[in-house]
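Each chain, written out:
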Amino acid sequence: QVQLVESGGDLAQPGGSLRLSCAASGSFSSQHVMGWYRQAPGKLRELVATATSGGTTDYADSVKGRFTISRDNAKNTVYLQMNGLTPEDTAVYYCKFQDFILYAGREFWGQGTQVTVSS
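Residues numbered from 1 in each chain as written. Predicted model: local features only at pLDDT ≥ 70, side-chain atom pairs only at ≥ 80, totals over all residues. Heavy atoms only, no water.

Peer 1: Would you explain unusual backbone geometry in this entry?
Peer 2: A negative phi holds for most residues other than glycine; trans holds for most peptide bonds. With a phi angle near 50°, N76 is a residue other than glycine that sits in the positive phi range. Here N76 lies in the loop between strand 7 (67–72) and strand 8 (77–82). Positive phi, close to 55°, is recorded for A104, a residue that is not glycine. Topologically, A104 is positioned in the loop between strand 9 (91–99) and strand 10 (107–109). (Helix = DSSP H or I, 4+ residues; strand = E, 2+ residues; numbered from the N terminus.)

Peer 1: Please explain the state of the cysteines as it appears in this structure.
Peer 2: Covalent bonding between the sulfur atoms of two cysteines is what defines a disulfide. A complete count under the given rule lists one disulfide for this structure. A sulfur-sulfur distance of 2.1 Å marks the disulfide that ties C22 to C95. Where C22 bonds to C95 through sulfur, the torsion about that S-S bond is close to -80°, and the disulfide is left-handed. Taken together, the residues C22 in strand 3 (residues 18–26) and C95 in strand 9 connect sequence positions 73 residues apart. Judged by its relative accessible area of 0%, C95 falls in the buried class. (Disulfide = S-S within 2.5 Å. Buried < 20%, exposed > 50% of the residue type's maximum accessible area, 1.4 Å probe, protein only.)

Peer 1: What's the story with the environment of F28 in this structure? I'm lost.
Peer 2: Structurally, the position occupied by F28 is in the loop between strand 3 and strand 4 (32–39). Overall, the relative accessible area of 18% leaves F28 in the buried class. Here the alpha-carbon distance between F28 and G54, two residues 26 residues apart in the chain, equals 15 Å. Residue contacts for F28: discarding those within four places in its chain leaves V2, N76, F97, D99, L102 and Y103. (Contact = heavy atoms within 4.5 Å.)

Peer 1: How should I be thinking about the pattern of salt bridges in this particular structure?
Peer 2: Two side chains of opposite charge can pair, provided their charged atoms sit close to one another. Here the structure, examined in full by the defined rule, presents five salt bridges. Among the ionic pairs, D61 bridges to K64, the shortest N-O distance being 3.1 Å. Owing to a relative accessible area of 65%, D61 belongs among the exposed residues under this scheme. (Salt bridge = Lys/Arg side-chain N within 4 Å of Asp/Glu carboxyl O.)

Peer 1: What exactly am I supposed to notice about the nonpolar core here?
Peer 2: Within soluble globular proteins, side chains that are nonpolar generally end up buried alongside one another. Core analysis: the biggest nonpolar cluster contains 31 residues, and L4, W36, L80, M82 and Y93 have the highest contact counts within it. Secondary structure elements with two or more residues in this core: strand 1 (2–7), strand 3, strand 4, strand 5 (46–52), strand 7, strand 8, strand 9 and strand 11 (113–117). Apart from residues no more than four positions distant in its own chain, M82 is found in contact with G16, S17, L18, L20, R66, F67, Y93 and V115. (Core = buried A, V, L, I, M, F, W, Y, C linked by side-chain atoms within 4.5 Å.)

Peer 1: Mind showing me how you'd approach the sheet that holds strand 3 here?
Peer 2: In a beta sheet, neighbouring strands are held together by backbone hydrogen bonds and run either parallel or antiparallel to one another. One open sheet accounts for four strands, arranged 1-3-8-7; its pairing is antiparallel. Each of the sheet's edge strands pairs with one partner strand only, and the pair in question is strand 1 and strand 7. Across this sheet, the average inter-strand angle for adjacent strands is 15°, counted without regard to direction. Taken together, the six bridges between strand 1 and strand 3 define a ladder with antiparallel strand orientation. Pairing of V2 across the sheet is with G26, part of strand 3. (Pairing = 2+ DSSP bridges. Axes fitted to C-alpha atoms, helices over the stretch in contact; angles between N-to-C directions.)

In structure tokens:
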């Protein structure tokens, strides 16, 4: 099993910045993907950014140029640096983990961390 612990959600002002962290623990292979998704009230959960253990990253168009995903493989931790926040970024942010070797792509999710952007 894989356990995910997220942190960093908070209230931020428009134009501000926040950094989210997600630490993975448990048993998993070295080939996996970690990423961030978000869900705003009344909306479906959507991709924000992903990063493979090999370093390949992907971003939603809405966050390109503002958000940066990074990994510390030694700590099994993924980060999401969020700059230029807007009220539209307000959502619960979830960390997702997928291991295609040990778990055949099964998804593991964190508990979510609230990000609120408001003046």
